[in-house]
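Per-entry structural report
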Amino acid sequence: MAIDYDEVEVGTQLPAQSFPVTRATLVRYAGASGDFNPIHWNEKFALEVGLPDVIAHGMFTMAEAIRVVTDWVGDPAAVVEYGVRFTRPVPVPNDGVGAVIEVSAKVAKKLDDRKVQVDLLATSGGQKVLGMSRAVVQLA
């Protein structure tokens, strides 16, 4: 079911979601993306370069966050623009639990041509991990 532009108000909250991230998640993402940087899988290396632990790929974090928008609108192709600033890494401990990326979003502006700007908030461990996270979405 398409979201109707005329029925959306500024301030509309999208359903928030939580995305678990484990070391296995990072290995699968590395294989799919071709990004085998050792900071994403080698704890010794990550610590040696000053990171708190192995960290999630920035593009993985960005992709998980936009799922809140694509699930809401029902069509990934409706996202016509998306950008973020990477503000903090998402450390993923090797404890069998990993980390969680918490994402909330709201309609910030109604734009021309039946588009809306959606602002996202992505946190992990109580820290904001994406800044200036915004998507432009084409509605029906």
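As a starting point, this report considers the structure included with it. It should be emphasised that the depicted structure is a prediction, and the values quoted were computed from it without experimental measurement. In this numbering scheme, every chain counts its residues from 1 along its sequence in written order. Under the rules for a predicted model, residues below a pLDDT of 70 receive no local features and side-chain atom pairs below 80 are neither given nor counted, while totals for whole chains, interfaces and linings still include all residues. As a rule here, side-chain values cover all heavy atoms of the structure and leave hydrogens and water aside.

The next thing to look at is the sheet that holds strand E3 (residues 99–110). In short, DSSP must find at least two bridges between two strands for them to pair. To qualify as a helix, a DSSP run of H or I must reach at least 4 residues; to qualify as a strand, a run of E must reach at least 2; elements of each kind are numbered from the N terminus. Reading across from one edge, E1-E3-E4-E5-E2 is the order of the five strands in this open sheet, with antiparallel pairing throughout. On the outer flanks of this sheet lie strand E1 (13–21) and strand E2 (79–86), each paired with one strand and no other. Ignoring which end each strand starts from, the neighbouring axes of this sheet average 20 degrees apart. Contact definition: two residues touch when any of their heavy atoms are within 4.5 Å. Lines are fitted to the C-alpha atoms to define the axes, a helix being fitted only along its stretch in contact, and any angle between axes, read from their N-to-C directions, falls within 0 to 180 degrees. Its contacts with the sheet place helix H3 (residues 58–73) against E1, E2, E3, strand E4 (115–124) and strand E5 (127–138), and it is angled at close to 145 degrees to E1.

Right, let's get into helix H1 (residues 23–33). Exposure is judged per residue with a 1.4 Å probe applied to protein chains only, and the accessible area is read against the type maximum: over 50% gives exposed, under 20% gives buried, and values in between give partly exposed. For H1, the full list of buried residues reads Arg23, Thr25, Leu26 and Ala30. On an axial view of H1, the arc spanned by its buried residues comes to 150 degrees, and they lie on one face. Opposite the packed face of H1, turned more than 90 degrees from it, sit the exposed residues Arg28 and Ala32. Those residues of H1 that are buried lie in contact with E1, helix H2 (43–48) and H3. Two residues or fewer after H1 comes Gly34, characterised by a positive phi angle close to 80 degrees. Relevant arc is that of directions from the helix axis to the C-beta atoms, nothing else.

A separate point is the pattern of salt bridges. Think of a salt bridge as a Lys or Arg side-chain nitrogen and an Asp or Glu carboxyl oxygen that are within 4 Å of each other. Considering all chains together, one arrives at seven salt bridges under this definition. Note that Glu48 is salt-bridged to Lys44, the shortest N-O span being 2.6 Å. Taken together, the residues Glu48 and Lys44, both in helix H2 and four residues apart, mark about one turn of the helix. Just as Glu48 is exposed, Lys44 falls in that class too. With its nearest N and O atoms 3.5 Å apart, the salt bridge here joins Arg134 to Asp119. One end of the pair, Arg134, is in strand E5; the other, Asp119, is in strand E4, and 15 residues separate them in sequence. By relative accessible area, Arg134 is classed as partly exposed at 37%. Here Asp119 falls in the partly exposed class, since its relative accessible area comes to 22%. Several salt bridges converge on common partners, so that one network encompasses Asp4, Asp6 and Arg114.

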